[in-house]
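What follows is the residue order along each chain.
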Amino acid sequence: MTKRDDTATEGSDNRPFAIRTYAPETLREALKRMYLIRRFEEGAEQSYMRGLIHGTMHLSIGQEASAMASCIELTDADKITSTHRGHGHCIAKGADVARMFAEFFGKETGYCHGRGGSMHIADVATGNLGANGIVGGGLPIAVGAALSAKRLGRDDVTICFFGDGANNEGSFHEALNMAAIWKLPVIFVCENNKYGMSTSIERATAVKRISERAAAYSMPGVTVDGNDFSAVAEAVHVAIARARSGEGPSLVENMTYRWRGHSKSDRNRYRTKQEIEDWMERDPIRRFEEELVAHGVIDAEEAAAIAAEAEQLVEAGIEFAKSSPSPRLDDLTANVYAEA
């Protein structure tokens, strides 16, 4: 979605990275998508409580900057792999919230014709290779996508999102090792929200920062404030440039926080109300919006209009999902097997 700001100058420009790097229309679109992520998940949560959505879901409310800033420079040719907490990644990569709601509601008009639901949304047309219910399951898929790009001589990159809980899985180490050996164009983005389900990162991982593990695989590793849009955008920008130039993979760790529980069944007994409230004060959407206003990209009236537009899109998306047809019983096994 990127448009660069051709008027930007290097050196003495002390503005935040995103402000001096991307065109105003790109920044406004980024804010809109961040609001879309937040409102979509709030709408999904309310729909679940009203009995319109069955099963469970994993919300990323509070992590919007990590998803959007990581994807701001990607084109449709670039790929992402996602996680069970992947709604934000889908929207950041350009997904239509109406089709996402339809997927949640189990309707034929959903991205996967209602068969995937919350955890398994994919949209190959925009380079979204899909979310994954397996912890660390997207890591080897991302390496495969990056290998394909390199073998075919393309300059597209793959961003692999994963949570802190995946960094102790074998697939994490295997993926980083193979990507480094073959110098593949993949960026590993760890969204460290402090907890793998209810287990804190401090109790589960020996290193203080997950990015330190990059050294074992001879690749750069950096930890940034995952609620600071510009900090994330700059770290991923450097990693994308490295990948496109053939220098290989990087590991970026975004320190962030989920305001909701692990899933809808989480009773939040492992963290305090004060901890949650402290992180809510670091709201990434408010921070980014205030940054845009402070630097004259938008004014307060435009910010309110952007938020209102996102809310309208979500309301329309819910109505689209409600009115969409359910899959026919005769099509129960459709798309289960590949057709010859």
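Up top is the structure.
Residues numbered from 1 in each chain as written. Predicted model: local features only at pLDDT ≥ 70, side-chain atom pairs only at ≥ 80, totals over all residues. Heavy atoms only, no water.

**Student:** Sorry if this is basic, but what is going on with the pairing of strand β3 (residues 186–192) here?
**Tutor:** Successive side chains on a regular strand alternate, one facing one side of the sheet and the next facing the other. Of all the seven residues making up β3, seven are buried; the element is thus mostly covered by neighbouring parts of the structure. Where burial is concerned, the two faces of β3 agree: the one with Val 186, Phe 188, Cys 190 and Asn 192 and the one with Ile 187, Val 189 and Glu 191 are both buried. Taken together, strand β2 (residues 158–163), helix α7 (residues 170–181) and β3 constitute a β-α-β crossover, and its handedness is right-handed. The pairing of β3 with strand β7 (residues 250–255) spans six bridges and is parallel. When the sheet's bridge partners are listed, Phe 188 is paired in β7 with Leu 251. (Buried < 20%, exposed > 50% of the residue type's maximum accessible area, 1.4 Å probe, protein only. Helix = DSSP H or I, 4+ residues; strand = E, 2+ residues; numbered from the N terminus. Right-handed = clockwise from strand over helix to strand, strands pointing away. Pairing = 2+ DSSP bridges.)

**Student:** Just to check I follow, could you spell out the sheet that holds β3 for this structure?
**Tutor:** Working definition: the strands of a sheet are paired by backbone hydrogen bonds and lie parallel or antiparallel to each other. The five strands lie next to each other as β1-β2-β3-β7-β6, forming an open sheet whose pairing is parallel. Every other strand in the sheet has two partners, leaving β1 (79–81) and β6 (221–225) as the edge strands with one partner each. Averaged over all adjacent pairs, the angle separating strand axes in this sheet is 20°, with direction ignored. Relative to β7, β6 runs parallel, the two sharing five bridges. (Axes fitted to C-alpha atoms, helices over the stretch in contact; angles between N-to-C directions.)

**Student:** In this structure, what is going on with the packing of helix α2 (residues 24–49) against helix α3 (residues 64–71)? I would like to understand it.
**Tutor:** Any two packed helices are characterised by how steeply their axes cross, that is the angle between the axes, and by the distance between the axes. Relative to each other, α2 and α3 sit at 140°, their axes nearing to 10 Å. By the angle class used here, α2 and α3 are oblique. Note that α2 runs across α3; the crossing there is right-handed. Along its contact with α2, which presents Ala 30, Arg 33, Met 34, Ile 37 and Arg 38, the element α3 presents Glu 64, Ala 65, Ala 67 and Met 68. (Parallel < 35°, antiparallel > 145°, perpendicular 65-115°, else oblique. Left-handed = near helix turned anticlockwise from the far one by under 90°. Contact = heavy atoms within 4.5 Å.)

**Student:** Looking at this structure, I do not really get unusual backbone geometry. What am I missing?
**Tutor:** What is expected of a backbone is that most residues other than glycine have negative phi and most peptide bonds are trans. In this model, Met 197 sits at a positive phi of 55°, which is unusual for a non-glycine residue. By the element assignment, Met 197 lies in the loop between β4 (195–196) and β5 (199–200).

**Student:** Is there a simple way to explain the pairing of β2 in this structure?
**Tutor:** Burial analysis of β2 places five of its six residues in the buried class, which makes it a mostly covered element. Taken together, the three bridges between β1 and β2 define a ladder with parallel strand orientation. Paired with Thr 81 across the strands is Cys 160, a residue of β2.

**Student:** Sorry if this is basic, but what is going on with the pattern of salt bridges here?
**Tutor:** Pairing between side chains of opposite charge can happen when the charged atoms of each approach one another. All chains considered together, the criterion is met by 24 salt bridges. A salt bridge links Glu 108 to Arg 115, with the shortest nitrogen-to-oxygen separation between them at 3.1 Å. Glu 202 is paired through a salt bridge with Lys 194; the nearest N and O atoms lie 3.9 Å apart. For Glu 202, a relative accessible area of 55% gives the class exposed. Among the ionic contacts, a cluster of salt bridges with common partners joins Glu 29, Lys 32, Arg 33 and Glu 309. (Salt bridge = Lys/Arg side-chain N within 4 Å of Asp/Glu carboxyl O.)

**Student:** How should the packing of helix α5 (residues 97–104) against helix α12 (residues 300–323) be read in this particular structure?
**Tutor:** Here α5 crosses α12 at 45°, and the two axes come no closer than 8 Å. Between α5 and α12, the crossing angle belongs to the class labelled oblique. The element α5 and its partner α12 pack so that their crossing is right-handed. Between α5, through Val 97, Ala 98, Arg 99, Phe 101 and Ala 102, and α12, the contact on the second element is made entirely by Leu 313, Val 314, Gly 317, Ile 318, Phe 320 and Ala 321. Counted by class, the contact of α5 with α12 contains nine nonpolar, one polar and one charged residues. (Nonpolar A, V, L, I, M, F, W, Y, C, P; charged D, E, K, R; others polar.)

**Student:** Would you mind showing me how to read the nonpolar core here?
**Tutor:** As a rule of thumb, soluble globular proteins bury nonpolar side chains together. One finds Ile 187 and Phe 229 to be the most contacted residues of the largest nonpolar core, which totals 70 residues. Excluding residues within four positions of it along the chain, Ile 187 makes contact with Val 157, Thr 158, Ile 159, Cys 160, Ala 239, Ile 240, Ala 243, Ser 250 and Val 252. Core analysis: the next-biggest nonpolar cluster, separate from the first, contains 22 residues, Leu 184, Val 186, Cys 190 and Leu 251 among them. (Core = buried A, V, L, I, M, F, W, Y, C linked by side-chain atoms within 4.5 Å.)

**Student:** I tried to follow a nonpolar patch on the surface on my own but got confused; where do I start?
**Tutor:** Where nonpolar side chains cluster on the molecular surface, the patch consists of Val 124, Leu 129 and Ile 141 and spans about 250 Å² of accessible area. Relative to the assigned elements, Leu 129 resides in the loop between α5 and α6 (138–151). (Patch = residues over 30% accessible without salt bridge, like charges linked within 9 Å, V, L, I, M, F, W, Y side chains within 5 Å. Areas by Shrake-Rupley, 256 points an atom, 1.4 Å probe, with all protein chains shown as cover.)

**Student:** Mind showing me how you'd approach the side chain of Ser 263 here?
**Tutor:** Inspection of the secondary structure puts Ser 263 in the loop between β7 and α10 (273–280). With near-sequence residues (within four places) excluded, Ser 263 lies in contact with Thr 56, Met 57 and His 58.

**Student:** Mind showing me how you'd approach the packing of aromatic side chains here?
**Tutor:** For any pair of aromatic rings, the description rests on two quantities: the centre-to-centre distance and the angle between the ring planes. Inspection of every chain in the model, using the stated rule, returns eight aromatic pairs. Note on Phe 40 and Phe 104: the rings are 5.2 Å apart at their centroids and 85° apart in plane angle, and the pair reads as edge-to-face. Here Phe 104 lies in helix α5 and Phe 40 lies in helix α2, a separation of 64 residues in the sequence. We note that Phe 40, like Phe 104, is buried. (Phe/Tyr/Trp six-rings, centres within 6.5 Å; stacked < 30°, edge-to-face > 60°.)

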